[in-house]
Amino acid sequence: MKKIMLGNEAFARGAYEAGVNVVSSYPGTPSTEITEYIVKYDDVYAEWAPNEKVALEVAAGACYGGARALCCMKHVGLNVAADPLFTVSYTGVNGGLVVMVADDPGMHSSQNEQDSRFYARSAHIPMLEPSDSQEAADFMKIAFDLSEKYDTPILVRSTTRVSHSRGIVEAGERLAREILPYEKNIGKYVMMPNMAKKRHVIVEQRMKDMAAFANEFAQNKAEYTGGGIGVITSGICYNYVKEALPEANVLKLGMVYPLPAETIREFASKVEKLYVIEELEPFIENQIKAMGIAVTGKESFSVQGEYSTSLIQEKILGEKTKVIDAGDVPMRPPVLCPGCPHRAVFYTINKLGLTAMGDIGCYTLGATPPLGALDTTLCMGASIGMAHGMEKARGKDSARKLVSVIGDGTFMHSGITGLANMLYNGATSTVLILDNSTTGMTGHQDHAGTGKNAKGEAAPAVDIPKLVKALGVEDLRIVDPFDLDELKRVLQETTQNDALSVVIAKRPCMLIDKSQQKAPLHISDRCKNCGSCMKLGCPAIVQGENAVEIDQSLCVGCGLCAEVCPFNAIDGGDQ
Amino acid sequence: MKNIVIAGVGGQGTLLSSVILGQVALKLGYDVKISEVHGMAQRGGSVVTYVRIGDKGEKVYSPIIDPGQADILLGFEQLETLRWLPYAGKDCKIYSNTQQILPMPVITGAAKYPDDIPGTVKKHFDDAVFVDALSLAVQAGSVRAVNVVLLGVMAKEMDIDEAVWMDVIGSTVKPAFKEINEKAFLLGNKEVI
């Protein structure tokens, strides 16, 4: 049956049809929806793990146990999972193991633009790269077959435009497949030096076999047109090349590691001028150059941002499209939603003039004006470690103005170990856990602390306060962030004292608990236009001619602006 | 090839309108690709969706529309219509909501919301259409139906049977909102422009 599918839905469909049994993932744009679609299949076990490392370990265990297993993450998530990745390459698999990684060229929703293809080369793991939704489904099935045939995990790489584009997919049936028998085999599954040395030999032979297979792989396709230009490309860029250069010969690589050396040599010999068109790093280009083949790539194209049909036409054909100048258009950056509990915390951080080490989540938006309350954002969980480092660099006095700001999901992901380190090594600053009971930015996934599993069923919840206490933190406070006076008082105390403190600002995300939403507020004639409420950065509060106004279609009646108003000029919101 | 750029503000429901368009194309037997924005920008940021529909038998490769290539620009908010105007091709049809949603730099006073956007747009495209889709959506029963009202406006000049639209809308939206959305489409479609 033909259906329009989001790329990520097609990855899920392909895995389902391949008979995948166990899926463990951590959400991250642009990979999140793969697992969200998979949880809809009743005959697949799927879960959110607390982080990508755990997810990959779960998938590895499942594949050793004879299941077909899948693990999905965004590019930076693969950094977290890199430890098991490099060694599961050595052990190989029993049931098929696919690691799905989605890169984000152009950084639509990421903190860097790293190219995950280098993981394939470093970890000696073959990598497939589909170019659209149909291939997303097809390649997933191929990946599981190759995994079992060559006794290797397979990386499947996507990019934002493949994951978040829709196209027509012919859906098939699910493969009927039994769980394979498990046999204890310490030579294969226990990676101590003596066993690992032997496995490394096997890995090298496997990659040679894969490289030979790459020359016959049907998804490494040469399309000859008879023109003089030849382009080697893969993934989303294939589509741009086909539209920009319909006359060009194209070698489309479905497997980007290892490369099909013979196929590339043959293609290169048949064209007059050879290009490699690949977003991000010159990954394919440099390998081809190392083969002694002359090729043009990054001399013409950037290692930054996304490519497009027009860009390729401009760089290769010198044709530029005329474009209308729309003049000066104000930016529209993403903002914290009306009613967001994080807003109260950032307002208070500003009031107290604190240095705030930030983290990854919706609350990263607290870094932008007018809130501008965060000093740093590095990676998942980093706020805690960095606050500790800042204190060690600048001394105990600096910790009296220092907090780390981390969400509940990110705390579960990689904040707990950072907190253990602070306790162990004598930190005295304050860790602020913004507990909104969800993974907000990626679209409200549950996690180990929410009391629901990936399928939405009731599940045991990790109790964050008990966990913090169990680590040995004595100064633990729990506050409602909408009680601004209390929040301010607590933060003053915890930052000023000489102990490590944890403050949990607990209030559910306004979007998941809509019962919090009230009638919109309105401005009375008592408004003196002092601008106090404007400091909240609420998209529902707008500067009018002589007074502020509240956009009735956006306001959810949270009442925060009424709390900060010195003239008691904001009414309503009580129904 | 028909290139349709749908631009709006995160939360306005641009995604649903692109999905409906895609289903209509599939139903009529055309190849189609759609590109969306997920993640960070959805938090009230500027969002754009590209819909590319092939001619009979034509394969669509890229899911992306480049500046200067759009045949239709469907703007859900005035400023977003202006922002994505460079995507309009020479004979682009422009359909825009008159609604204004102020972005944070305007709210804080760091930037000014441009005056007379319809005038600016019409300097380039004198047949550009601006409609109050928000009022029509309210009339249909929900402010959230702006997206389907605008589809109705756009559909006026597309040679596609009303029954096809109705069928797809009915099977795409949640049953509870079927009636509102059907009404929204018809209100947009019958709007005199």
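Every chain's residues receive numbers from 1 upward, in the order its sequence appears when written. A letter from A marks each chain and a number from 1 marks each ligand, given out in the order of writing. Side-chain atom pairs in this predicted model are given and counted only at pLDDT of 80 or more, local residue features only at pLDDT of at least 70, and totals for whole chains, interfaces and linings cover all residues.

Draft legend 1. Examining the domain arrangement of chain A more closely. Residue and element names in this part refer to chain A. Start and end positions for the domains come from either an automated domain assignment or a database one. In terms of domain boundaries, chain A breaks down into domain 1 (2-214), domain 2 (220-317), domain 3 (342-514) and domain 4 (517-572). Once C-beta atoms are placed from the backbone, any two residues with those atoms within 7 Å are in contact. Taken residue by residue, the interface counts 15 residues in domain 1 and 16 residues in domain 3. Secondary structure elements with two or more residues in the side of domain 1 that touches domain 3: α2 (32-38), β3 (45-48) and α4 (75-80). Secondary structure elements are taken from DSSP: a helix is a run of H or I of four residues or more, a strand is a run of E of two residues or more, and numbering for both begins at the N terminus. Looking at the side of domain 1 that touches domain 3 element by element, the count peaks at three residues for β3. Residues belonging to the side of domain 1 that touches domain 3 are distributed by class as follows: eight nonpolar, six polar and one charged. All amino acids are sorted into three groups, where Ala, Val, Leu, Ile, Met, Phe, Trp, Tyr, Cys and Pro are nonpolar, Asp, Glu, Lys and Arg are charged, and the leftover types, Gly among them, are polar.

Draft legend 2. The arrangement of the sheet that holds strand β11 (residues 249-253) of chain A in detail. Residues and elements named next belong to chain A. Whether two strands pair depends on DSSP finding at least two bridges between them. Pairing in this open sheet of four strands is mixed, and the strands run β9-β11-β10-β13 from one edge to the other. Strands with a single pairing partner mark the edges of an open sheet, and in this sheet they are β9 (220-223) and β13 (273-277). Sheet twist, expressed as the mean angle between neighbouring strand axes with direction ignored, is 15 degrees. Here β9 pairs with β11 via four bridges, running antiparallel. The residue of β11 that forms the bridge with Lys221 is Lys252. A fitted line through C-alpha atoms represents every axis, and for helices the fit uses only the stretch in contact; the resulting angles, taken between N-to-C directions, go from 0 to 180 degrees.

Draft legend 3. Up close: the nonpolar core. Nonpolar cores are built from buried Ala, Val, Leu, Ile, Met, Phe, Trp, Tyr and Cys residues. These are joined into a set through C-beta atoms within 7 Å. Field definition: a residue is buried when 20 or more other C-beta atoms are found within 10 Å of its C-beta, exposed when 12 or fewer are, and partly exposed for counts in between, with C-beta atoms placed from the backbone. By size, the foremost hydrophobic cluster in this structure holds 241 residues, and its most contacted members are A:Ala59, A:Met140, A:Val241, B:Val5, B:Leu73 and B:Val149. Ranked by the residues each element gives to this core, the list is headed by helix α3 (residues 52-64) of chain A, at nine residues. Setting aside its immediate chain neighbours within four residues, B:Leu73 contacts B:Val5, B:Ala7, B:Thr81, B:Trp84, B:Tyr87, B:Ala88, B:Cys92 and B:Ile94.

Draft legend 4. Inspection of helix α7 (residues 133-150) of chain A at higher detail. Residue and element names in this part refer to chain A. If you check α7, its first and last C-alpha atoms are 25 Å apart, about what 18 residues at 1.5 Å a residue would give, namely 26 Å. α7 sits mainly inside the fold: 13 of its 18 residues count as buried. Asp151 lies just past α7 and shows a positive phi near 50 degrees. Here a helix's expected span is defined as the number of its residues, less one, multiplied by 1.5 Å.

Draft legend 5. Broad picture of the packing of helix α5 (residues 133-140) of chain B against helix α6 (residues 146-155) of chain B. Residue and element names in this part refer to chain B. Here α5 crosses α6 at 110 degrees, and the two axes come no closer than 8 Å. Classed by the angle they form, the pair α5 and α6 counts as roughly perpendicular. Judged by the twist between their axes, the crossing of α5 over α6 is right-handed. Between α5, through Ala133, Leu134, Leu136, Ala137 and Ala140, and α6, the contact on the second element is made entirely by Val146, Val149 and Leu150. Roughly parallel means an angle under 35 degrees; roughly antiparallel, over 145; roughly perpendicular, 65 to 115; everything else is oblique. Crossing handedness is read from the near helix: turned anticlockwise from the far helix by less than a right angle, it gives a left-handed crossing, and turned clockwise, a right-handed one.

Draft legend 6. Here's a closer look at the pairing of strand β3 (residues 46-53) of chain B. All names here are of chain B. The buried fraction of β3 amounts to eight of the eight residues, a majority that puts the element mostly inside the structure. Residue alternation in β3 divides its side chains into two sets, Ser46, Val48, Tyr50 and Arg52 and Val47, Thr49, Val51 and Ile53, and both sets are buried. The pairing of strand β1 (residues 2-9) with β3 spans eight bridges and is classified as antiparallel. Paired with Ile4 across the bridge in β3 is Val51.

Draft legend 7. Structural context of the packing of α3(A) against helix α5 (residues 82-91) of chain A. Residue and element names in this part refer to chain A. The N-to-C vectors of α3 and α5 enclose an angle of 25 degrees; their axes lie 8 Å apart at closest approach. What the angle tells us is that α3 and α5 run roughly parallel. Taken together, the residues of α5 that come into contact with α3 (itself represented by Lys53, Leu56, Glu57 and Ala60) are Asp83, Pro84, Leu85 and Val88. Looking at side-chain class alone, the contact of α3 with α5 contains five nonpolar, no polar and three charged residues.

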